[in-house]
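Below, each chain spelled out in residue letters.
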Amino acid sequence: MYILAIDTSCDDTSVAILKDGHNILSNLVSSQHDIHERFGGVVPELASRRHLENIIPMIKLALKEAKIESKDIDVIGVTYGPGLVGSLLVGLMTAKGLAYSLRKPFIGINHMEGHIFSAILEHRELYPPFMALVVSGGHTDLVLVRRYFSYEVIGSTRDDAAGEAFDKVARLLDIGYPGGPAIERFARLGKIDYNLPRAIPEGYDFSFSGLKTAVSRLLKGEVDLPSVAYSFQEAVVDVLVDKSLKACINYKINKLAVSGGVAANKRLRERFLEEAPKYGIKIYFPSLSMCTDNASMIACATYYRYLAGYRSDFTLNAESYCSYPNG
Ligand code: KG4
Ligand code: ZN
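All values reported here derive from a predicted model rather than from experimental measurement.

With distances of 2.0 to 2.1 Å, the protein atoms coordinating the zinc ion (ligand 2) are H111 (NE2), H115 (NE2) and D293 (OD). Because the angles between the 4 donor atoms bound to the zinc ion (ligand 2) fall within 95 to 134°, the donor set is best described as tetrahedral. Mapped onto the sequence, the donors of the zinc ion (ligand 2) take the spacing H-x3-H-x177-D. Of this pair, H111 sits in helix α4 (residues 111–122) while D293 sits in the loop between α10 (288–291) and α11 (296–307); the two residues are 182 residues apart in sequence, bridging distant segments of the chain.

Structure follows, in structure tokens:
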């Protein structure tokens, strides 16, 4: 079964073709970092215009790479939200047009569900029940997945998302955009741990805005800049690892999927792999390129939903804010 999927939720145009939900035949991501970099963040109008220019050529290229023709596609998957509405609409309208002209079903996928499926995509042995930590530019969520398509958010951030904190601190340090990879590189040169405060709200929630303030306060004095990046990264990683493992232990779950852009952070991966075995917990990471936004994860979610009988209709609309779908 051939699935073509599209993700245009934010600033990356992504198109993928998968065979049978796990076999990637083509995975194209056209990043727009060049146009948003000088603004230090995504400019929605520029993002949707770039998606519009990219999407059709990318679909053609994906088909060519996968060595199939459009008539071979069995199902179309597309992100309907959450994200920037103007960006989402480009992908959604394209998917609807394709589905209509090819007379094939299409399925709308929640981007966050897609991030969870990015771990399943490369680890067939990962099936519910499992815990998922989704750490991206917009979300920091601990999600209990008891069954397929059932998502219980047991914790999330009270202020900034983890990726957002990386981006903001990178801006304070003036080391580039997106901030996550820039901080990770810079932190390798750090030697001192300034021991920044770890905010630990009750339960499984997170909070990162205090940490950002602590960094800006630290920067007013004489400090070693790479060590500031290092200390910040240590503080974020500590909290993410501690809370996620605590959640697994308390809910008696022994599988943890860690996905989203921040899951590409090597220090985070290293610390999870050090700590989790102590508690008998197995960690499932997507490979590095599957952590950040891509359409393969959307295709994988589409595959599972298709097999379970889900279909969308042409009334499906783009949604900027939407919670995890249940059912
Ligand atoms: O999942 P994603 O590509 O897009 C969203 O859905 O938000 O995540 C992007 C976020 C950005 O905030 C970026 O700075 C962060 O993930 N990120 C990282 C790393 N790579 C990307 N954060 C820490 N370390 C990284 N290596
Ligand atoms: Zn994402």
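What follows is about the domain arrangement of the chain. Domain assignment breaks the chain into domain 1 (2–115 + 292–307) and domain 2 (127–289). For domain 1 and domain 2, the distance between their C-alpha centroids amounts to 27 Å. Taken together, the 15 residues of domain 1 in the interface contact 15 residues of domain 2. Here domain 1 and domain 2 share an interface that buries about 1,300 Å² over both sides, 61% of which is from carbon and sulfur atoms. Counting across the interface, domain 1 meets domain 2 through 0 salt bridges. Inspection of the region where domain 1 meets domain 2 yields 2 residue pairs in polar contact (both at pLDDT 80 or more).

Our focus in this paragraph is the site of ligand 1. Inspection of the region around ligand 1 gives 20 residues, with G137, D167, G180, E184 and D293 positioned closest. D293 is positioned such that a nitrogen or oxygen atom in its backbone is 3.0 Å from an oxygen atom of ligand 1. In isolation ligand 1 offers 550 Å² of accessible surface; the protein chains occlude 88% of this area. Within the residue set of the shell around ligand 1, elements represented by two or more residues are α4, α5 (162–173) and α6 (179–187). Ranked by the residues each element gives to the shell around ligand 1, the list is headed by α6, at 4 residues. Class assignment for the residues of the shell around ligand 1 results in 5 nonpolar, 12 polar and 3 charged. Mapping the shell around ligand 1 onto the domain boundaries places at least three of its residues in each of domain 1 (2–115 + 292–307) and domain 2 (127–289).

Here is what the cut-offs are and how they apply
Residues numbered from 1 in each chain as written. Chains lettered and ligands numbered in written order. Predicted model: local features only at pLDDT ≥ 70, side-chain atom pairs only at ≥ 80, totals over all residues. Heavy atoms only, no water. Donors = N, O, S within 2.8 Å, 3.2 Å for Na, K, Ca; no water. Tetrahedral: all angles 85-135°; square planar, octahedral: opposite > 155°, others 65-115°. Helix = DSSP H or I, 4+ residues; strand = E, 2+ residues; numbered from the N terminus. Domains from an automatic or database assignment. Contact = heavy atoms within 4.5 Å. Buried area = accessible area lost by both parts, 1.4 Å probe. Salt bridge = Lys/Arg side-chain N within 4 Å of Asp/Glu carboxyl O. Polar contact = N/O pair within 3.5 Å; in protein donor to acceptor, adjacent residues only side chain to side chain. Near = heavy atom within 4 Å. Areas by Shrake-Rupley, 256 points an atom, 1.4 Å probe, with all protein chains shown as cover. Nonpolar A, V, L, I, M, F, W, Y, C, P; charged D, E, K, R; others polar.

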